[in-house]
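Fold and geometry: a report
What follows is each chain in one-letter form.
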Amino acid sequence: MMNDKKVLFSGMQATGTLTLGNYLGALKNWVTLSDEYECFYCVVDLHSITIRQDPAELRKRARNLLTLYIAAGLDPTKNCLYYQSHVSGHAELSWILNCFTYMGELNRMTQFKDKSQKHADNINAGLFTYPVLMAADILLFQSDVVPVGIDQMQHLEITRDIAQRFNNIYGDVFTIPEPYIGKTGAKIMSLQDPTKKMSKSDENPNSSIYLMDDPDAIVRKFKRAVTDSGKEILYTDDKPGIKNLLDIYCTITQKTVEEAVKEFDGKGYGEFKLAVGEVVADHLRPVQERFGQLSKDKAFIDGIIKDNAEKANYFATKTLRKVQRKVGFPDRIR
Ligand code: TYM
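Basis of the calculations
Residues numbered from 1 in each chain as written. Predicted model: local features only at pLDDT ≥ 70, side-chain atom pairs only at ≥ 80, totals over all residues. Heavy atoms only, no water. UniProt positions renumbered as here; feature names shortened; annotations may be inferred. Helix = DSSP H or I, 4+ residues; strand = E, 2+ residues; numbered from the N terminus. Contact = heavy atoms within 4.5 Å. Polar contact = N/O pair within 3.5 Å; in protein donor to acceptor, adjacent residues only side chain to side chain. Phe/Tyr/Trp six-rings, centres within 6.5 Å; stacked < 30°, edge-to-face > 60°. Buried < 20%, exposed > 50% of the residue type's maximum accessible area, 1.4 Å probe, protein only. Lys NZ or Arg CZ within 6 Å of the ring centre and 35° of its normal. 1 Å grid on protein atoms, 1.4 Å probe; cavity = no way out; pocket = protein on both sides within 12 Å on 5 of 7 lines; lining within 4 Å. Points joined across faces, edges and corners; volume = space filled by probe spheres on them. Core = buried A, V, L, I, M, F, W, Y, C linked by side-chain atoms within 4.5 Å. Expected span 1.5 Å × (residues − 1). Pairing = 2+ DSSP bridges. Right-handed = clockwise from strand over helix to strand, strands pointing away. Near = heavy atom within 4 Å. Areas by Shrake-Rupley, 256 points an atom, 1.4 Å probe, with all protein chains shown as cover. Sits in = over half its atoms within 2 Å of the grid points.

The protein chain has the name Tryptophan--tRNA ligase in an unreviewed UniProt entry, where Diplocloster modestus is given as its organism. Under the Sequence similarities (unreviewed entry) heading, UniProt states for the protein chain: "Belongs to the class-I aminoacyl-tRNA synthetase family." The Catalytic activity (unreviewed entry) comment attached to the protein chain in UniProt states, word for word, "tRNA(Trp) + L-tryptophan + ATP = L-tryptophyl-tRNA(Trp) + AMP + diphosphate + H(+)".

Spelled out as structure tokens, the structure:
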């Protein structure tokens, strides 16, 4: 890389509206880590078309997501924020890595099993090889660290296996990436069913906090959050609803679970839920305001998209050429 900093890569899909899960499991950590690493934050639009998308809607969501990265606190002049589809190296490396990935490995991926159940009418090959494209994303930038939520761990493991396998054959080509999982917030659960992950695709809007929900909606959804019939505010597995709310509260306020449990000692569920709703609403308000302002500045966002695509292409091409050479493709004549 251009300096001594280690490299960080991560990405999000522009499918649906981002939830508090995406924010606390990933985006918030991206901002925290962004000074320490050389960062590439991608809007993974190639991954999005594994499920049918409305083209105009996908384009709009992709732009909103990139804008949201900036609104959440990522400085676009220091961090490389770009669209996956603007860097053809992702798809090219993905093809090569497909030839180093086994069907058996992909068959074990739980996300593939879940998604093919949900979209039984469209079990396409892209859905199956999705993790290979993700491995290509990460390996293309020689990434050292990949901040994600727990649900992406299996994809990180297969990425490491593919990289190791390739290195064993061709020498030290790829950096082996490490996942970065936050101490809290790495698996935010649905507010209506705390045994299920909070997800963009949940049909019940009360299950998820969307990053663009207004403060009243946020507080209302927390007030309605499913808890249990008990009274005490404790961080235990037999109180998954309360545990989830404590996780959210602690990730936002950066308090420890012990501190939070002490703070709410003797208080009722109602008061607790209101307090969680308020800290979330207060935390998201400035992000929403910045998003509103940035969205109006077309020229600024366009400039970021153009400059960062060039930067990402430059680094991606370096790795890609090396890999192409290793596997035996002919040199380019200049
Ligand atoms: P995606 O778009 O589903 O989610 C983006 C990020 O949000 C995290 N996340 C959560 N964290 C905590 N609690 C939740 N309820 C929750 N829901 C989602 C995810 O773990 C993820 O970090 N395949 C990836 C995108 C991707 C990627 C990559 C990520 C493509 N290439 C390379 C890292 C590196 C995905 O669909 O994430």
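A short note on the environment of Tyr130
As for its position among the elements, Tyr130 is in helix H7 (residues 125–140). Once you skip the residues sitting within four places of it in the chain, Tyr130 turns out to touch Gln13, His47, Thr50, Gln111, Lys115 and His155. Only 2.8 Å separates the side chain of Tyr130 from the side chain of Gln13, close enough to count as a polar contact.

Observations concerning the packing of aromatic side chains
Taken as a whole and judged by the stated rule, the model has 14 aromatic pairs. When the centroid spacing of 5.2 Å and the interplanar angle of 75° are considered together, the rings of Tyr249 and Phe264 count as edge-to-face. One end of the pair, Tyr249, is in helix H10 (residues 240–253); the other, Phe264, is in the loop between helix H11 (257–263) and helix H12 (269–296), with 15 residues separating them in the sequence. Comparing Tyr249 with Phe264 shows no difference in burial state: the two are buried. Each member of the aromatic cluster is reached from another via a ring pair, and the members are Phe9, Phe40, Tyr82, Phe141, Tyr314 and Phe315. Lys243 extends its terminal NZ or CZ atom over the ring of Tyr235, reaching a point 5.3 Å from the ring centre.

Some words on the layout of surface pockets
Where empty space is left becomes clear once a probe the size of a water molecule has been rolled over the atoms. Put simply, the largest pocket is a space of about 1,400 Å³. Every residue lining the largest pocket is counted, 49 residues in all, and those nearest its centre are Gln111, Lys115, Asp151, Gln152 and Lys197. Of all the secondary structure elements, the ones that give two or more residues to the lining of the largest pocket are strand E1 (7–12), helix H1 (20–33), helix H2 (45–48), helix H6 (110–118), H7, strand E4 (145–147) and helix H8 (153–170). The leading source of residues in the lining of the largest pocket is H6, at 6 residues.

Remarks on the nonpolar core
Counting 59 residues, the largest nonpolar core has Leu20, Tyr23, Leu27, Tyr69, Phe222, Ile248 and Val280 as its most contacted members. Per-element accounting of this core gives the leading share, 10 residues, to H12. Once residues lying within four places of it in the same chain are set aside, the contact partners of Phe222 are Leu20, Leu191, Ile209, Leu245, Ile248, Lys273, Val276, Gly277 and Val280. If you look at the next biggest cluster of nonpolar residues, it comprises 40 residues, including Met134, Ala135, Leu139 and Ala163.

Structural notes on helix H13 (residues 298–327)
With 30 residues, H13 extends 42 Å between its outermost C-alpha atoms, agreeing within 8% with the 44 Å of an ideal straight helix rising 1.5 Å per residue. The first or second residue beyond H13 is Gly328, which carries a positive phi of 105°.

Observations concerning unusual backbone geometry
A positive phi angle is found at Gln142, which is not glycine, with a value near 55°. Here Gln142 lies in the loop between H7 and E4. A positive phi angle is found at Gln254, which is not glycine, with a value near 60°. Here Gln254 shows up in the loop between H10 and H11.

Regarding the pairing of E1
Burial of E1 is extensive: 5 of the 6 residues sit out of reach of the surface. Summarising the sheet, E1 and strand E2 (residues 38–43) pair through 6 bridges and their orientation is parallel. Each residue of the ladder has a partner; that of Met12, found in E2, is Val43. Crossover connection from E1 via H1 to parallel E2: handedness right-handed.

Points about the site of the ligand
Neighbouring residues of the ligand: 27 residues in total, closest Tyr130, Asp137, Gly149, Asp151 and Ile188. For the ligand, a nitrogen atom lies 2.7 Å from a polar atom in the side chain of Tyr130. Interatomic distance of 3.0 Å between a backbone N/O atom of Met198 and a nitrogen atom of the ligand. When the ligand is considered free in solution it has 720 Å² of accessible area, and contact with the protein chains removes 96% of it. Under a 2 Å grid-point criterion requiring more than half of the atoms, the pocket assigned to the ligand is the largest pocket.

Some thoughts on H10
The terminal C-alpha atoms of H10 lie 20 Å apart, and with 14 residues this matches the ideal 20 Å at 1.5 Å per residue to within 8%. Counting buried positions over the 14 residues of H10 gives 11, a clear majority of the element. Trailing H10 by a residue or two, Gln254 shows a phi angle of about 60°, which is positive.

A few points about the environment of Asp137
With respect to the helices and strands, the residue Asp137 is situated in helix H7. Look at Asp137 and you get buried, because its relative accessible area is 2%. Sequence separation between Asp137 and Ile123 is 14 residues; the distance between their C-alpha atoms is 22 Å. Filtering out sequence-adjacent residues up to four positions away, Asp137 remains in contact with Phe9, Val44, His47, Gln84 and His90. Polar side-chain contacts of Asp137 include one of 2.8 Å to the side chain of His90.

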